[in-house]
Amino acid sequence: MFKYFLFIFFVAQTVIAQAQQTAIKGKTSYNFLIDTEQYTEGTKSPVLIFLHGRSLSGTDLNRVKRYGVLYAKNRGSEIPASIIVAPQTSNGWDPDKVNEVLDYVIKNYDVDEDRIYVCGMSMGAYGTLDFVGKYPERIAAAVAICGGGSLKYAANLATVPLWIQHGNADRAVPMSESKKIVSAIKKADSKADVTLTIIPGGTHGSVERLFHQKEMYTWMFGYTKK
């Protein structure tokens with residue numbers, strides 16, 4: 001009986017959490033979900049942007065809850081961001097369009113602009129590093145998982161704290177992609193705050209578990225632009 005009530009409680013909490021995830025459509029180039037469960041109007045709040053991989057592309061916003069930050073939150077993970085933003089693309093990530101989403105959030109919510117974070121997986125990791133690379137002045141810290149980045153942004157990326165993670169058993173995106181961008185960043189600035197973590201036995205899918213662990217969020221939210 002206790003297990004039954006525990007299950008009902010968990011389902012109820014999940015429904016409540018997901019009720020706070022609002023679809024914003026037609027306002028920016030990307031439609032997106034915004035989670036405001038921990039948001040209080042009038043209080044400057046940190047923002048966490050999650051960029052999905054290719055498998056979640058499309059026009060059904062519910063897909064962006066299939067893995068990543070919202071997926072982890074809906075299953076009980078504590079995410080310290082007061083505002084979580086999960087845009088959806090149908091064909092790759094454009095840093096200017098991600099920036100447009102961020103501008104909308106800043107205009108319509110009370111945002112602490114010194115505490116804006118971004119993370120992504122696979123195609124979303126490339127999108128994360130391209131966004132941070134083009135708009136480094138906006139981001140306090142970023143995490144890119146099992147992806148890579150555009151070498152042209154190396155110098156800009158060197159100015160933002162980065163944690164890049166990759167599984168050494170990834171057959172979809174080789175870990176050499178992460179190593180390559182880290183090498184370019186270090187070449188641009190040997191003192192850059194960039195960490196590369198290679199996960200033994202990590203496959204392209206299994207590293208999704210990182211979104212369910214507090215270490216990634218603790219690390220990101222330890223930084224501010226100030």
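Computed from a prediction, not measured in an experiment: that's the story for all the values here. (Residues numbered from 1 in each chain as written. Predicted model: local features only at pLDDT ≥ 70, side-chain atom pairs only at ≥ 80, totals over all residues. Heavy atoms only, no water.)

Examining the pattern of salt bridges
Then step 1. By the definition in use, this model includes six salt bridges.
Then step 2. Ionic pairing is found between Arg-138 and Asp-103, a salt bridge with its closest N-O pair at 2.8 Å. Of the two residues, Arg-138 sits in the loop between α4 (123-134) and β6 (141-145) while Asp-103 sits in helix α3 (residues 95-108), which places them 35 residues apart along the sequence.
Then step 3. Under the relative-accessibility criterion, Asp-103 is labelled partly exposed at 39%.
Then step 4. Salt-bridge contacts for Asp-114 lead to Lys-226; the nearest nitrogen and oxygen are separated by 3.8 Å. In this pair, Asp-114 sits in strand β5 (residues 111-121) while Lys-226 sits in the segment after α7 (214-220), placing the two residues 112 residues apart along the sequence.
Then step 5. When its relative accessible area of 22% is taken as the criterion, Asp-114 is described as partly exposed. (Salt bridge = Lys/Arg side-chain N within 4 Å of Asp/Glu carboxyl O. Helix = DSSP H or I, 4+ residues; strand = E, 2+ residues; numbered from the N terminus. Buried < 20%, exposed > 50% of the residue type's maximum accessible area, 1.4 Å probe, protein only.)

Topic: the side chain of Lys-73
Then step 1. Relative to the helices and strands, Lys-73 is located in helix α2 (residues 69-74).
Then step 2. Within the local environment of Lys-73, its side chain forms a polar contact with the side chain of Asp-35, the two groups lying 3.4 Å apart. (Polar contact = N/O pair within 3.5 Å; in protein donor to acceptor, adjacent residues only side chain to side chain.)

Quick word on the state of the cysteines
Then step 1. Inspection of the entire model under this criterion finds zero disulfides.
Then step 2. Counting only cysteine sulfurs, Cys-146 is the nearest neighbor of Cys-119, a cysteine outside any disulfide, at a range of 12 Å. (Disulfide = S-S within 2.5 Å.)

Section: helix α6 (residues 176-188)
Then step 1. Along its 13 residues, α6 runs 18 Å from first to last C-alpha, staying within 8% of the 18 Å computed at 1.5 Å per residue.
Then step 2. All of the buried residues along α6 are Glu-177, Ser-178, Ile-181, Val-182, Ala-184 and Ile-185. Buried residues of α6, viewed axially, fall in a sector of 160°; they line one side.
Then step 3. For α6, the secondary structure elements touched by its buried residues are α4, α5 (154-157), β7 (162-167) and β8 (194-199). (Expected span 1.5 Å × (residues − 1). Arc of directions from axis to C-beta. Contact = heavy atoms within 4.5 Å.)

Things to note about the confidence of the model for the protein
Then step 1. Considering every residue of the protein, the mean pLDDT works out to 92; 92% of them sit at 70 or more.
Then step 2. Here residues 2-17 scores under 50 on pLDDT; set against residues more than four positions off or in separate chains, the count is seven contacts. (pLDDT = per-residue confidence, 0-100.)

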